[in-house]
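Results of the structural survey
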Amino acid sequence: MATPQLALDLALEPDYRPESFAVSEANAAALALVNRWPRWRMGHLVLTGPAGAGKTHLAHMWQQRTGASRVDRQDISAALKSIQRGASVVIEDGDQGVDELGLFHLLNRAAGDSGISVLLTGRLPARSWPIALPDLASRLSAAEAAVLQEPDDALLRQVLEKLFRDRRTPLSPGVLDYLLTRMERSVDFARLLVARLDNAALAGKSSVTRVLARDVLAGLSADSNPDQESGARS
């Protein structure tokens, strides 16, 4: 039987602190490139990777370090007037469609002597973005790129250990190994999973066991596949 969901699970605040960013071979190279700012080629960097790999976390870390402003990907032209010399700018989800002319002018300014820095994020490599403006497509294809890989076991283990440690959640032996072979491969899912397990353990006044882990994973699976669950009952 799936563990009951608690309202607290649905209100988790994202944790974008630098100390919460777990590092492994899956993201070390991308982290190094982001941290190489302000020595980015042509004043901008494209950060890409799958969902849950850490793009938004890295973007927030860079924003905190540089005081960067966030610009809506569809409204870059309107923001150009307020972007002064030496400014830093974050534009997320560039592969989902952008204000192409505005981005082209912004990258041109970054490539000049304005001191402007631009961090772009997206799931797809920049050369695969749906760009109609040829000059912008060419600039993005030649852009310096930081690529996040799918989270590996080493990264997910670090994330799980820290999340459980922060919550002081008691774990039975072998639980982490059990979770790593069955969970969705993303940091976002790890955070949700630990919150559900911690709540369930508190409710049951017990440690997190394999049986509890199995039930919570089943509940999360049912959440993401409601049609499948209702079909199984019919």
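This brings us to the pairing of strand β3 (residues 88-91). Walk down a regular strand and you will see the side chains alternate between the two sheet faces. Along β3, one buried face is formed by S88 and V90 and the opposite face, lined by V89 and I91, is buried too. One ladder, built from 2 bridges, connects strand β2 (residues 69-70) with β3; its direction is parallel. Paired with S69 across the strands is V89, a residue of β3.

As a further point, take the packing of helix α4 (residues 100-111) against helix α5 (residues 134-141). At their nearest, the axes of α4 and α5 sit 9 Å apart, and the two run at 50° to each other. Put simply, α4 runs oblique to α5. Crossing handedness for the pair α4 and α5: left-handed. On the side of α4, the interface is formed by E100, L103, F104, L107, N108 and A111, while α5 contributes D135, L136, R139 and L140.

It is worth spelling out the sheet that holds strand β1 (residues 44-48) at this point. Paired through their backbone hydrogen bonds, the strands of a sheet run either parallel or antiparallel. If you trace the 5 strands from one edge of the open sheet to the other, you get β2-β3-β4-β1-β5, paired in parallel fashion. The sheet is open, and its two borders are formed by β2 and β5 (145-147), each paired with just one other strand. Two elements, β1 and strand β4 (residues 117-122), share 5 bridges in a ladder whose sense is parallel. Considered in β4, the bridge of L47 is made with T121.

Right, let's talk about the packing of aromatic side chains for a bit. The final tally for this structure, using the stated rule, is 2 aromatic pairs. With a centroid separation of 6.2 Å and an interplanar angle of 85°, the aromatic rings of W37 and W62 are classed as edge-to-face. One end of the pair, W37, is in the loop between α1 (28-35) and β1; the other, W62, is in helix α2 (residues 55-66), with 25 residues separating them in the sequence. A relative accessible area of 19% places W37 in the buried class. Its relative accessible area of 1% is what places W62 among the buried residues. On the numbers, 5.1 Å between centres and 25° between planes, the contact of W40 with W62 is stacked. Here W40, found in the loop between α1 and β1, pairs with W62, found in helix α2; they are 22 residues apart in sequence, far enough to count as distant. By the ring-pair criterion, three or more aromatic residues cluster together here, those being W37, W40 and W62. Over the ring of Y178 we find R182, and its NZ or CZ is 3.8 Å from the ring centre.

Moving on, we come to the confidence of the model for the protein chain. When pLDDT is averaged along the protein chain, the result is 89, and 90% of the positions lie at 70 or above. Note on residues 1-11: pLDDT is under 50 here. Beyond four places in sequence and across chains, it has 16 contacts. Long-range and interchain partners of residues 228-234, a stretch whose pLDDT sits below 50, account for 1 contact in this model, where long-range means more than four residues apart.

How each quantity is defined
Residues numbered from 1 in each chain as written. Predicted model: local features only at pLDDT ≥ 70, side-chain atom pairs only at ≥ 80, totals over all residues. Heavy atoms only, no water. Buried < 20%, exposed > 50% of the residue type's maximum accessible area, 1.4 Å probe, protein only. Helix = DSSP H or I, 4+ residues; strand = E, 2+ residues; numbered from the N terminus. Pairing = 2+ DSSP bridges. Axes fitted to C-alpha atoms, helices over the stretch in contact; angles between N-to-C directions. Parallel < 35°, antiparallel > 145°, perpendicular 65-115°, else oblique. Left-handed = near helix turned anticlockwise from the far one by under 90°. Contact = heavy atoms within 4.5 Å. Phe/Tyr/Trp six-rings, centres within 6.5 Å; stacked < 30°, edge-to-face > 60°. Lys NZ or Arg CZ within 6 Å of the ring centre and 35° of its normal. pLDDT = per-residue confidence, 0-100.

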